[in-house]
Each structure stands twice: as C-alpha cells, then as structure tokens.
Amino acid sequence: MRRSVEEASARANDAVEANELAKLSAVDLLDGYRAGHFTPRDVIEDVIAALEMTDASCNIVVTPMYDQARAAADEATAAWASGQPLIRLTGVPVSVKDLVYVANVRALGGAPTNQDFVPTVDAAVVAAVKAAGAIVTCKTTTCESGYKLTADSPVSGITRNPWNRARTSGGSSGGAAVAVAAGCGPLAIGTDGVGSIRVPSSFCGVVGLKPTFGLVPRSPGFAPPSWASLAHTGPIARTVADAALLLEVIAAHDLRDAASLPVASRAFDSTPGTLNGLKIGSSVDFGYAAVDPDVRTAFQSATETLASLGAEIFPDCAKFAPDMLDRILKPIAYTEQAAAIANRDADIFATSDQDYREVVAKGRTYSGVDYVEATYRRNGLRSMFLDLFRDVDAIVTPTVAVTAFRAGALGLDQVADIAVDPHLGWSPFSWPINLTGLPAATIPCGFDADGLPIGLQIIAPWLEEGLILRIAAAFEWAQPWAQFRPRMS
C-alpha cells in the first residue's frame, strides 16, 4: 500500500503549480526536495505567508521567527543542492508551542509575568529537531502556563478555530494545531498535561500524539514544574506518517528531565495494513460521561471501520467512577500548578487570567494528605488499565465528548443536556490517560452537523506507540482525511 515514487513526485509537482507548498506533508516535502521540484527557501516563503494569513484570522503566532527561518532555509537549500549527506528533516518547517523553550527567543508561556523572559537554551525537543535539519518557524499560542484546554491567554488573546472562527481552537496547544490544520507547515510540537495535544488536534481535525510519559524529554522548559507528573511533549501533524517521523526525532533520553526514560531510539512503521488479529476495546463514555450525539455517531462509525479492517472490537470495555475528576485529577493537577509558583509574590499575578488564579487558589487548599491520597487512587486507575490490557491490545474512545465550542469560553457546563464541570467535564477521555502515563493519539474520524471535526482517541499500553500508529495508519488508509481542509481565504 506504499505510494510509488512517481506518485510522490507528481504530488510535489502539483503543489509547485498550485503554490501550496506550505500544505504539503513532511514526507512530500522531502520527496520534492529530493526530486528537485522546489527548495526549502521556496517552502519557507509559502509557510511564512500562510502563517501571516492564518494569524490574522485565528491568532496563532506569539513570536515569529521568520528571519531565522529564512536563514535556515537557505542553509538547507544549499545542503540539498550540494548532494552532501542529509539528515532526516532537512528543510522541513516546524512550529513550537510557547511553553517549549527556543534559545534566545522570548518565552511567554501565556503568562503576563513572563513578558521579559528569554531562555538561553533550547528545550531538548527543539535541539533534536534542529539537529535533524528542521526549520523552526515561530512560537505558537497557548493559555497561561498550559492550565486549561483552550489557547486563550492574557498575553495573546483568543485563538480561533480555522473551520469556524467563532469557535475555539481548543488547547492548550491551540496555536500549534491550527497551524497544522490551516496548512502553515506540516509539523508542530505541543505539550499535553490533561489533553492539551489531543483536544485541539481533535477540534482542528489533525493528528496529535501524546507519547508514553517520559519517552519524550520535557526539559528545560515551563511544562515539568507546572504539571510535574502529568505533562507530556509530542507531535502534531496532518498525517500519521508525519507524526511518526517527528516522534522518531524527538523521542530520546535526557537526564535534565527526571522522568525521562532511558529507551533506545526506535523507528515507527506507519505503513497502512490490515488490523487482523488485533483486539480493540471501545468505550463511548467510560461508563459515565455525557457525550454529544454527533460524537457518539462518529465514534460508532469509526469502530465499524476498525472492524472492517480486521480488528475484533470489544464494546463497553472501560467503566470508571464518575468522581475521578474531583478525587484524583484536581488534587494532583491543581496542587502541582500552585506549587510551581509557590515562591512567587501573589501580587505579580494581578493581570493573570481570572480562571488561572482560581485554579491556583484551589490548589493551595489541598493538603499533603489530599495529594497523597489522590496518588493512591491514581495508582488504582493505572492498575485498572493494566487489567484492561490483559484482554485487549488497545482501546478507542472519542477524543473529546463535544466539538469545538464558542471561542473565548472556558468550556461547557452542559453536554447533551447533562451538567458537567466547565473546566474538564466536557473532555472526560483525555486527562485519565495523563494520570496513567499511557500513550494516546487522536485522529480525525468525522464531522458534526456544523462541519466541525471529531476525533477518535487510540490508547495503547506503555511504550506501544508503534501499535497506535499501526491502528491510525490503517484507519487513515480506510478513511483518508488529509484532503479535508478549512477554507482560510
């Protein structure tokens, strides 16, 4: 089922004629460079134009790095022309969420308190993509300290969905997901503490992958202290092959991150094939969650597609207690958020997001006993997943219980006429996976009645990213989504 070299070359040629280089996948860009159809400098000019247009309508760029990107593109163009040995992402553009450090580039992290902060070192993932030849184009929007599931912040305003500007991008890696969805380059780096890669990727109709906790190093940067036991860093892309390619580059051991796993580098096969012999558990609601009817319908269709590819589906496989949010996640997440700024004067947060201040205040009310009790319950949740994976190879759920809601809103307080927590109740499938440290990805699986994307979440055992990518690649082959794009003109 692999594309032929001729097919790849023809696609790259078509992009030159249509002046749509920024919309090509990373795989297609590398094919085009190899065939001499265009150069990295050609691509970067298209990417910058696309970023400027998308930023004007959706608000996704915090700090542009266009001069640096052009200089790097010229170096990559010379490298391709010289015939010298090339590294794996030479000339491929990538955007970086503003919670991830890029050396000598301002890092706001969505926070007014960071207005003058400029790190002097690259985050490990940024160093990795640079070493692989990629071109960093910009820092993308996030919420303040990544605390919520939108990308709205006091320093950058509201980030909007490219499918409908009146709707949210989701977050906190919202700018990254919009950039990929709108065709501003093929790759983005995001972070995920309670769903912050998967939620915006679902809302924007792209691929987002949260790797196993510790597989991709998070240091140095904002994310580890703010969400010490929950934060993951991972790829956002339009295609499964591109997500696999970026994951191969950024998965590494780094002693600066105490959670970093000493796992050898691996290649991830994203070649589509059958799912014969796979046992896939499914759960549309984790046994308790309110779910939008359109999401339920799309999820049912997605499981039927997986079955048609050869997988054996085990419905209603996962049922959890409805009080997990209050008894496990909040005592851990809110306490870690409060602890991250415990040594800073409260007065400096006067211009911070009001909801952020409320989360920090709540975090300060939990005791050490509350936190440790929550970790015991967390271990129980982890054990439940261990038991599930004795019977099935992977689990699928909706990525989010709803599609993108009103831009500027914190969340929803009702789903399918049922009251939910406005912070996280409408995303019941994402944060339990952060609590366990399991790998999970979202892939597009349909649209709601308003034409907004819906995502399918694929969860696998620890360090089984390859299995996730196998399932995702098969689904992508059966129901390709890359041709569906928001209109940005």
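Residues numbered from 1 in each chain as written. Predicted model: local features only at pLDDT ≥ 70, side-chain atom pairs only at ≥ 80, totals over all residues. Heavy atoms only, no water.

1. Considering the sheet that holds strand E15 (residues 453-459)
Piece 1. The strand order E1-E3-E2-E6-E8-E7-E14-E15-E11-E9-E10 describes an open sheet built from 11 strands, whose pairing is mixed. What marks the edges here is a single partner per strand, and that holds for strand E1 (61-64) and strand E10 (312-314). Averaged over all adjacent pairs, the angle separating strand axes in this sheet is 30 degrees, with direction ignored.
Piece 2. Against the sheet, helix H4 (residues 66-82) makes contact with E1 and strand E3 (135-140), and its axis sits at roughly 165 degrees relative to E3, the strand it touches most. (Pairing = 2+ DSSP bridges. Helix = DSSP H or I, 4+ residues; strand = E, 2+ residues; numbered from the N terminus. Axes fitted to C-alpha atoms, helices over the stretch in contact; angles between N-to-C directions. Contact = heavy atoms within 4.5 Å.)

2. Examining the side chain of Ser430
Piece 1. Inspection of the secondary structure assignment puts Ser430 in the loop between strand E13 (418-419) and helix H14 (431-436).
Piece 2. Judged by relative accessible area, which is 0%, Ser430 ranks as buried.
Piece 3. A polar atom in the side chain of Ser430 sits 2.7 Å from the backbone oxygen of Val194.
Piece 4. Contact partners of Ser430, with chain neighbours within four places excluded, come to Val194, Gly195, Arg198, Val199, Thr399 and Gln457. (Buried < 20%, exposed > 50% of the residue type's maximum accessible area, 1.4 Å probe, protein only. Polar contact = N/O pair within 3.5 Å; in protein donor to acceptor, adjacent residues only side chain to side chain.)

3. Regarding the pattern of salt bridges
Piece 1. Throughout the structure, instances matching the rule amount to 20 salt bridges.
Piece 2. A salt bridge links Arg41 to Glu45, with the shortest nitrogen-to-oxygen separation between them at 2.8 Å. A residue pair is termed a helical-turn pair when its members lie 3 or 4 positions apart in one helix, as Arg41 and Glu45 do in helix H3 (residues 40-58) at 4 residues.
Piece 3. Among the residues examined, Arg41 registers a relative accessible area of 28% and is labelled partly exposed.
Piece 4. A relative accessible area of 29% means that Glu45 is categorised as partly exposed.
Piece 5. Among the salt bridges present, the one from Asp74 reaches Arg41, with a minimum N-O distance of 3.0 Å. Here the residue Asp74 occupies a position in helix H4, and Arg41 occupies one in helix H3, the gap between them amounting to 33 residues. (Salt bridge = Lys/Arg side-chain N within 4 Å of Asp/Glu carboxyl O.)

4. Let's talk about the side chain of Lys148
Piece 1. If you trace the backbone, Lys148 turns up in the loop between E3 and strand E4 (160-161).
Piece 2. The class of Lys148 is buried, set by a relative accessible area of 8%.
Piece 3. Leaving out residues up to four positions away in the same chain, Lys148 has contacts with Cys143, Gly171, Ser172, Ser196, Asp353 and Leu410.

5. Section: the packing of aromatic side chains
Piece 1. In this structure the tally under the stated criterion is 14 aromatic pairs.
Piece 2. Relative to Phe405, the ring of Phe203 has its centre 5.9 Å away and its plane inclined at 90 degrees; by these criteria the two rings are edge-to-face. Here Phe203 is found in helix H7 (residues 198-204), whereas its partner Phe405 is found in the loop between strand E11 (394-398) and strand E12 (414-415), with 202 residues between them in sequence.
Piece 3. Given the relative accessible area of 1%, Phe203 is considered buried.
Piece 4. For Phe405, a relative accessible area of 5% puts it in the buried group.
Piece 5. Taking NZ or CZ as reference, Arg382 lies 4.5 Å from the ring centre of Trp462, over its face. (Phe/Tyr/Trp six-rings, centres within 6.5 Å; stacked < 30°, edge-to-face > 60°. Lys NZ or Arg CZ within 6 Å of the ring centre and 35° of its normal.)

6. A short note on the environment of Arg266
Piece 1. Following the sequence through the fold, Arg266 ends up in the loop between helix H9 (240-250) and strand E9 (279-282).
Piece 2. Taking the C-alpha atoms as reference points, Arg266 and Leu247, 19 residues apart in sequence, are found 9.2 Å from one another.
Piece 3. Here Arg266 is in contact with Leu215, Glu248, Leu463 and Glu465, once residues within four sequence places are set aside.
Piece 4. A polar side-chain atom of Arg266 sits 3.4 Å from a polar atom in the side chain of Glu465.

7. Examining the packing of helix H2 (residues 26-35) against H9
Piece 1. The N-to-C vectors of H2 and H9 enclose an angle of 80 degrees; their axes lie 8 Å apart at closest approach. Accordingly, the angle class assigned to the pair H2 and H9 is roughly perpendicular. Listed contacts from H9 to Ala26, Val27 and Leu30 of H2 are Ala241, Asp242 and Leu245.
Piece 2. Residue classes in the contact of H2 with H9 are distributed as 5 nonpolar, no polar and 1 charged. (Parallel < 35°, antiparallel > 145°, perpendicular 65-115°, else oblique. Nonpolar A, V, L, I, M, F, W, Y, C, P; charged D, E, K, R; others polar.)

8. Looking at unusual backbone geometry
Piece 1. Cis geometry is found at the peptide bond from Gly171 to Ser172, where omega equals 10 degrees.
Piece 2. By the secondary structure assignment, Ser172 is in the loop between strand E5 (164-168) and helix H6 (174-181).
Piece 3. In this structure, Asn59 takes a positive phi of about 65 degrees despite not being glycine.
Piece 4. Relative to the assigned elements, Asn59 resides in the loop between H3 and E1.
Piece 5. Unlike most non-glycine residues, Asp316 shows phi in positive territory, near 55 degrees.
Piece 6. Residue position: Asp316 is located in the loop between E10 and helix H11 (324-340).

9. A few points about helix H5 (residues 124-131)
Piece 1. For H5, the set of buried residues is Ala124, Val125, Val126 and Val129.
Piece 2. The secondary structure elements touched by the buried residues of H5 are strand E2 (93-97), E3, strand E6 (187-192), strand E8 (232-237) and H9.
Piece 3. Just downstream of H5 lies Gly133, where phi reads positive at about 95 degrees.

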